[in-house]
Amino acid sequence: MLFSYKTQVLIISAMLLGALSSVSVAFSKGKSAKDNTLTALKSESAAKSDANNRFERKKIYFFTEAVRQKEAGNYAAAIDLLTECYYIDHKDAAVVFELADIYSKVGDDDNAMKMSHLAASLDRNNIWYKMTLAELYLKNKRVADAVELYEEIEKLRPDLEDIDYRLAGLYLQTRQFDKGLQALNRLEKKVGVDESISIEKYHMLQMQGKKKKALAEIEKLSRTYPLNVDYKIFLAMAHLNDSNFVEAEKVIDEADKIEPNNEKVLNQKLALCSARGQTDEADAVVMSYVNDPKVEAGEKLKLITDYFSNVTRVDFADKCFRSLVGQYPDDAMVRAYYSTFCLMQRNDTAAEVQLKELVRIDPMLEQGWQDLVGIYMQRNDTASLSRTCDSALVYLPESPSMLAIKGLSLSLYGGFESAVAMYQKSLESYKKNQPENKAAQADINMYIGDIYAQKDIPDSAFAYYEKSYELNPNNDLLLNNFAYYLSVYNRDLDRAEQMSALALKSNPNNVSYLDTYAWIFFRKKDYMMAKLFMQQAIDKGGDKNGVCVEHFGDVLYMSGDKDEAMIWWKRAAEIGGGSDLLNKKIETGTYVE
């Protein structure tokens, strides 16, 4: 038979106690009857004392073992052992407290609170028992009970600073501001004038509407530490909060003398200008800082960035950046910030100038090259795009993104084989240098698939589309392109419909996706659905796209509206971009595949 842990401990304890009793009995048998008679009264008293000692030893054994089990994480065994201790001596506060601690560890808040309360009542002068119970009260949102306990602790140990801090926070929480201020005043007498105390008193007094007394606390803090700029800034903020601009300016000037060009002081200067509505003065403060040779470029950039996040005046911002470029012509960070600003303002001409300088200063900065080729891509400037990619690859020959962009530029020139080869290099670089970037690898496979589809090599196209799909099945552009070319080659139209529907679900207003979805229904000879979605594509801007307009004509023709179809085919010819069969459709007046 296997015994539980508790039973094993009890058996061992009983054996130990039994052995001691046997020794005692054996000893007594060796005495004479007369001796036994003479010691009768003493034996009764000694027996009681011995029994108490045995129980005490048993309790100590159980308690020590319980602590060991608790430290080992065997909480159930520890609770059993401590319960035995409690049966032996239900007035032992240490035993009860240990039970409370274990119940708290296992998440049994009810028993933890009961035991903590009992421990605190058994030893009323033990502040740690009271603090534990108070924290359990707070955990269970019994704030008033927690406050009462902390007040008792403060009376028992008025020297403890942490208790006053705790009480002040609880008084603030319960909006007992007078008591909170009393706690903070007690604390201030113990530690002296202190930032956290003064600021807490300031907030409490502000909440009571006692603005003068609140301000006096910050003034006291500033007087106590006259060279501390942070306290003067706080005082300036307090004056600004009260619209006392004269005093705020005075304190700001004092802070400026202590630490010229301090960023926090500068921000207070700008806050004061803003409060007074002094735009020109604020600009003068900023420009003075920007032109100060003692200030580092990075600090100036931070100021400009922060300032213009709230002030949207493009001309003045540009003036600041031009000043920085004049001071630091070969600083890559200045050029990068300025180019980003220009791009945000859609001033790609100015951005181009800064980006060219940026890659001159730091040709290893890939982001600079990417931003520069991005401008040329938006302009459809294929010559500059190709030339810039070549320059970038001189410094970054294994950059997967630049290799991919070079592949794009080659495909735009019509160099499809060269484009595929460059895309393959990009894929190899991604696998080598950024194997975790599955999304980028999926895109490259899609681009190669697009090239093969445009070159009318469907098997290769679909092979690369499948690779892209395996890497990133949630790419809406891939889903659309894959689905479209499946419909073009009349393959697996059910799968094409599913893919197109997924892409359209995420982009319900995308004209190209609507056109693809409609064209799949056209291929499935479901002309009613094809017309429904093609009409949506036309309504959402497809009437300016030659392919959509031609497809709409095709759908109308197969729906029996041949005259209307002819109108849309002719409109497609005027727009341009239609299929090679468009003119034949117009000449014959029939749909041609």
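Scroll up a little and you will see the structure.
This structure is a prediction, so every number in the text was calculated from the model and none was measured. (Residues numbered from 1 in each chain as written. Predicted model: local features only at pLDDT ≥ 70, side-chain atom pairs only at ≥ 80, totals over all residues. Heavy atoms only, no water.)

Trainee: Can you explain the overall build of the protein chain? Please cite residues and give values.
Mentor: For the protein chain, the helix and strand inventory stands at 33 helices and zero strands. Principal axes of the C-alpha set define a box for the protein chain whose edges measure 140 × 80 × 50 Å. Counting only residues that meet the buried cut, the protein chain has 41% of its 593 residues in that class. Restricting to contacts in the protein chain with at least 6 residues of sequence separation, those with at least 24 account for 48%. For the protein chain, the accessible surface area stands at approximately 32,000 Å², while carbon and sulfur atoms represent 52% of it. (Helix = DSSP H or I, 4+ residues; strand = E, 2+ residues; numbered from the N terminus. Buried < 20%, exposed > 50% of the residue type's maximum accessible area, 1.4 Å probe, protein only. Contact = heavy atoms within 4.5 Å. Areas by Shrake-Rupley, 256 points an atom, 1.4 Å probe, with all protein chains shown as cover.)

Trainee: Describe unusual backbone geometry, with residues and values.
Mentor: Even without a glycine there, the phi angle at Arg 175 is positive, about 60 degrees. For Arg 175, the position within the fold is in the loop between helix H9 (161-173) and helix H10 (177-191). Phi angles above zero are rare outside glycine, and Ser 243 is one such case at about 60 degrees. Along the chain, the position of Ser 243 falls in the loop between helix H13 (229-241) and helix H14 (245-258).

Trainee: Outline a nonpolar patch on the surface, supporting the account with residue identities and numerical values.
Mentor: Together, Met 364, Val 394 and Tyr 395 make up an exposed nonpolar region whose accessible area comes to about 330 Å². Inspection of the secondary structure puts Tyr 395 in helix H22 (residues 382-395). (Patch = residues over 30% accessible without salt bridge, like charges linked within 9 Å, V, L, I, M, F, W, Y side chains within 5 Å. Salt bridge = Lys/Arg side-chain N within 4 Å of Asp/Glu carboxyl O.)

Trainee: Break down the side chain of Ser 409 for me, citing the residues and quoting the values.
Mentor: Examined against the element boundaries, Ser 409 turns out to sit in helix H23 (residues 400-413). A polar atom in the side chain of Ser 409 sits 2.7 Å from the backbone oxygen of Lys 406. Excluding residues within four positions of it along the chain, Ser 409 makes contact with Leu 385 and Ser 386. (Polar contact = N/O pair within 3.5 Å; in protein donor to acceptor, adjacent residues only side chain to side chain.)

Trainee: Can you explain the packing of helix H27 (residues 476-488) against helix H28 (residues 493-506)? Please cite residues and give values.
Mentor: A pair of packed helices is characterised by two quantities: the angle between their axes and the separation of those axes. Two elements in contact, H27 and H28, have axes separated by 8 Å at closest approach and are oriented at 150 degrees. As H27 runs across H28, the sense of the crossing is left-handed. Across from Asp 476, Leu 479, Asn 480, Phe 482, Ala 483, Leu 486 and Ser 487 in H27, the residues of H28 making contact are Leu 493, Arg 495, Ala 496, Met 499, Ser 500, Leu 502, Ala 503 and Ser 506. A per-class count over the contact of H27 with H28 returns nine nonpolar, four polar and two charged. (Axes fitted to C-alpha atoms, helices over the stretch in contact; angles between N-to-C directions. Left-handed = near helix turned anticlockwise from the far one by under 90°. Nonpolar A, V, L, I, M, F, W, Y, C, P; charged D, E, K, R; others polar.)

Trainee: Talk me through H28; I want residue IDs and the actual numbers.
Mentor: Side chains that are three or four residues apart share a direction in an α-helix, a result of its 3.6 residues per turn. For H28, built from 14 residues, the straight-helix expectation of 20 Å at 1.5 Å per residue is met to within 8% by its first-to-last C-alpha distance of 20 Å. Residues Leu 493, Ala 496, Met 499, Ser 500, Ala 503 and Leu 504 constitute the buried set of H28. One face of H28 carries all of its buried residues, which in axial projection span an arc of 135 degrees. For H28, the exposed residues lying more than 90 degrees away from the buried face are Gln 498 and Lys 505. Tucked inside the fold, the buried residues of H28 contact helix H26 (458-471), H27, helix H29 (511-523) and helix H30 (527-539). (Expected span 1.5 Å × (residues − 1). Arc of directions from axis to C-beta.)

Trainee: Which residues make up the pattern of salt bridges, and what values go with them?
Mentor: On inspection of all chains with the given rule, the structure shows 42 salt bridges. When the shortest N-O distance is used, the salt bridge between Glu 188 and Lys 201 registers 3.2 Å. Here Glu 188, found in helix H10, pairs with Lys 201, found in helix H11 (residues 195-207); they are 13 residues apart in sequence, far enough to count as distant. For the pair formed by Glu 188 and Lys 201, the shared burial category is buried. The salt bridge involving Asp 390 is made with Lys 406; its shortest N-O contact spans 2.9 Å. Taken together, the residues span a long stretch of sequence, with Asp 390 in helix H22 and Lys 406 in helix H23 at a distance of 16 residues. The exposure class assigned to Lys 406 is buried, which follows from its relative accessible area of 7%. Each of Glu 56, Lys 59, Asp 89 and Asp 92 takes part in one network of salt bridges that share partners.

Trainee: Go over the packing of helix H20 (residues 348-361) against helix H21 (residues 366-379), please, and point to the residues and values.
Mentor: Direction vectors running N to C along H20 and H21 enclose 145 degrees, while the axes themselves pass 9 Å from each other. Where H20 crosses over H21, the handedness of that crossing is left-handed. On H21, the residues touching Asp 348, Thr 349, Ala 351, Glu 352, Leu 355, Lys 356, Leu 358 and Val 359 of H20 are Gly 368, Trp 369, Asp 371, Leu 372, Ile 375, Tyr 376 and Arg 379. Its residues assigned to classes, the contact of H20 with H21 comprises eight nonpolar, two polar and five charged.

Trainee: Tell me what's going on with the packing of aromatic side chains, and back it up with residues and numbers.
Mentor: Counted under the stated rule, the structure contains 23 aromatic pairs. With a centroid separation of 6.4 Å and an interplanar angle of 20 degrees, the aromatic rings of Tyr 465 and Tyr 485 are classed as stacked. One end of the pair, Tyr 465, is in helix H26; the other, Tyr 485, is in helix H27, with 20 residues separating them in the sequence. Residue class for Tyr 485 comes out buried when judged on its relative accessible area of 17%. Members of the aromatic cluster, each reached through a chain of ring pairs, are Phe 462, Tyr 465, Phe 482, Tyr 484, Tyr 485 and Tyr 489. Here the basic side chain of Arg 495 rests over the ring of Tyr 469, its NZ or CZ set 5.5 Å away from the ring centre. Above the ring of Trp 568, the side-chain terminus of Arg 571 is found at 4.2 Å from the ring centroid. (Phe/Tyr/Trp six-rings, centres within 6.5 Å; stacked < 30°, edge-to-face > 60°. Lys NZ or Arg CZ within 6 Å of the ring centre and 35° of its normal.)

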